[in-house]
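If you want the building blocks of each chain, they are given just below.
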Amino acid sequence: MENIFLTNKESDKELYKKIISQTSEAILNTFDSDKAYSGPTPEELKSIIHQASILPEKGLGWEKALELTKEKILPNLLKPSSTDYMAHLHGSSLLETIAAELIISTFNQSMDSWDQSPVATEIEVEVINHLCKLYGYNDNSDGVFTSGGSQSNQTAIILARDSFCNKELNYDIKKYGVNEKCLKLRMYTSEISHFSMEKSAHILGLGYQSVVKVPVDKNKRMDISLLEKLIAEDIEKGNIPFLIVGTVGTTDFGSIDNIEKLSEIAKRNKMWLHADAAYGSGVILSDKYSNLVSNLNLCDSITVDFHKMFVMPISCSAVLIKNKDDFNALTIHADYLNREEDEEDGYTNLVDKSLQTTRRFDALKVWISFQMRGKDGWAKIINTSIENAAYLYSILEKDSDFETAVKPEISSVVFRFVYKDNNSENPERSDFINKKVRRSLIHSYGTVIGQTVSDGKVFLKFTLLNPLITHEKLDNLVSLIKKLSHDQADN
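Owing to the predicted nature of the structure, the values given are computational and were not obtained by experimental measurement. (Residues numbered from 1 in each chain as written. Predicted model: local features only at pLDDT ≥ 70, side-chain atom pairs only at ≥ 80, totals over all residues. Heavy atoms only, no water.)

## Quick word on the nonpolar core
F145, L227, I244, L296, I302, F306 and L320 are the most contacted members of the largest nonpolar core, which totals 60 residues. If one sorts the elements of this core by residue count, helix α12 (residues 363-397) sits on top with 8 residues. Setting aside residues no more than four positions away along its own chain, F145 makes contact with E124, V127, I128, L131, F306, C316, S317, A318, R359, D362, A363 and V366. (Core = buried A, V, L, I, M, F, W, Y, C linked by side-chain atoms within 4.5 Å. Buried < 20%, exposed > 50% of the residue type's maximum accessible area, 1.4 Å probe, protein only. Helix = DSSP H or I, 4+ residues; strand = E, 2+ residues; numbered from the N terminus. Contact = heavy atoms within 4.5 Å.)

## As for unusual backbone geometry
Each neighbour pair has its own omega, and for I314 with S315 the value is 0°, a cis peptide bond. When you line up the elements, S315 lands in the loop between β7 (301-305) and β8 (317-321). Located in the positive-phi region is N108, a residue other than glycine, with phi close to 50°. By the secondary structure assignment, N108 is in the loop between α4 (95-107) and α5 (118-134). A positive phi angle, near 55°, is found at K270, a position not held by glycine.

## Re the environment of Q154
With respect to the element layout, Q154 can be found in helix α6 (residues 149-168). In contact with Q154, other than residues within four places in its own chain, are S200, I203 and L355.

## Some details on the pairing of strand β13 (residues 448-454)
Summarising burial for β13: 5 of the 7 residues are buried, a large majority. Bridge analysis of strand β1 (residues 85-86) against β13 gives 2 bridges, and the strand direction is parallel. Its bridge partner lying in β13, Y85 is registered against V448. Bridge analysis of β13 against strand β14 (residues 457-463) gives 5 bridges, and the strand direction is antiparallel. Of the residues in β14, the one forming a bridge with S454 is K457. Between β13 and β14, which follow one another and run antiparallel, lie 2 residues, and D455 among them has a positive phi close to 50°. (Pairing = 2+ DSSP bridges.)

## Structural notes on the sheet that holds β8
Taken together, 7 strands build an open sheet; the order of strands is β2-β8-β7-β6-β5-β3-β4 and the sheet is mixed. Two strands close off the open sheet at either side, each with one partner strand: β2 (142-146) and β4 (211-214). Neighbour-to-neighbour, the strand axes of this sheet turn through a mean angle of 20°, independent of strand direction. Packed onto the sheet, α5 meets β2 and β8 and runs at close to 120° relative to β2. Packed onto the sheet, α6 meets β2, β3 (185-190), β5 (240-247), β6 (272-277), β7 and β8 and runs at close to 150° relative to β5. (Axes fitted to C-alpha atoms, helices over the stretch in contact; angles between N-to-C directions.)

## Some words on a negative patch on the surface
A surface patch of negative charge is lined by E340, E341, E344 and D345. The residue D345 is located in the loop between α11 (340-344) and α12 in this model. (Patch = residues over 30% accessible without salt bridge, like charges linked within 9 Å, V, L, I, M, F, W, Y side chains within 5 Å. Areas by Shrake-Rupley, 256 points an atom, 1.4 Å probe, with all protein chains shown as cover. Salt bridge = Lys/Arg side-chain N within 4 Å of Asp/Glu carboxyl O. Lys, Arg positive; Asp, Glu negative; His and termini not counted. Charge placed at Lys NZ, Arg CZ, Asp CG, Glu CD.)

Here it is as C-alpha cells:
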C-alpha cells in the first residue's frame, strides 16, 4: 500500500507537500471577502452538501475529493476570523497556532503515556507549570490539558467531591461510589453559570438537585448575601455544602463573581472553591486589566480556555489545581499504560491526571504562541478586545433606540433595540424585531452576532474577541442594526 502516511520515503514527502499546498491554496481562495458567512439557510445547506453516498464503491482519489470539498464545504464554512463574526465565545485561530495544529496532526502524539508522546509530555508539564505560576499558584500545584471548559469544570467538580468526601465525610467515594449521604451534597453556582455544572452533576450521579443556582445582582454577579442564606438553609435541612463555583466571565455577559468573598465563604464552611474562568482567564495577560482576575489563586481549581479569549484553535483548555495531590482521585494503574516502575524511573504518564485516555498535544499551541508573541503582544490583543467592548457600550448607552443589559467587565456587550409605541415600549414587538434583525444579518449580510435572554427580554450580543475589529466597524454595524430595526418596526 503506497503513499498513505508521511514517512521518510521521498514519494510520501512529495505527496504530503502537494496535499498540504493544494489545501492551503483552496483555503486562501475561500477568503475572498470579509463576510463571516456566505448566507445559505439550513435547508439550502442540506441541499448543497447532499451526496447519494459519502462512501463510494471506488475511491475518487485526492483531486476529486478536494474538488468536492472546494465546491460544497469551503465556501460555506463560518469564518470566525472575520470582523463580522462576534456571536459567541468562539474566536479565530492565531496563525502560529494553525501551524501548531499542522504539527499536532502530522505527528499525532497521544498524551496518555510518555512512550506515546515523549517531548510532548515534557512540553505539557512545562506549560502547566508556567500557567500555575501565571495564575498565582505555588510549586505544589498542577494541571492538565482538556478538551474544553466543560471537561475542565467536570474534572474540578470530581476532584472537589472526592476531596470533600475523604476529608470531611471520611468516605472513599472513588472506591465505594455514591451512597445515600452523597446525595445530600450541594454545589452553589450563579444562575447564569455554564450548563456544564448541571451536566457534571448528572454524570457524577448527584443529579440536578445537587446544583443550587444562586440569583445574580444587577451587575450579573452571584449575589453573595443570597449565597450565604442558601448555604445556611441547606445545612439546616441536613444537606451538605461541598463546592462553590465562581464564574470569571459569564457566557453571555462576561460578568465576574466576587472571588474574594466566595473564598471567605468557602473557607468558613470547609468547601472547595472552583473558578470557571473559561472566558475570563485570558485577562491575566493584560498589562492594564489583569487585576480583574488577579485573585484566582484563592481558588482550589481554575478552568482556563485557550480557544476563547486566547483565540487559539479548538480544542484547547486546561484545569489547574492548587494541591497536586488532589489528582489522586483520577489515578488508576494499568500494566499496559502507566506502569509504576516507569514512573519511579522518572517517566511521566499524564493519564494519571486526565478523564481522557487518548488526548491531543494541545499544549503546543500555547507554547508556540506564548513564545512568539510574548507578554507585550498578548497584552495588545487582550486590551483591544476589552476596550472595544467599553467603546461599544458607551455609544449604545447614549442612544435612546437601544437598551443595554449591563456594563461590560470583559469583552461582551449585550443590548437590544427598543420598539416604542406612543412613547412606551411594546416588549413583544421589541423581541420580534431583535430576532428578525439577527436573522437578517446572518443570511443577507454575512454578519453573525449572538442572541440571548435577560430579565425575560430578547437581547442581541456582541462577543468581541477579535482584536482586528475597529471602532469604525462597530459604528457601522450599530448603524446597520438601527436601520434594520426601524425597517422592521415600520412593516
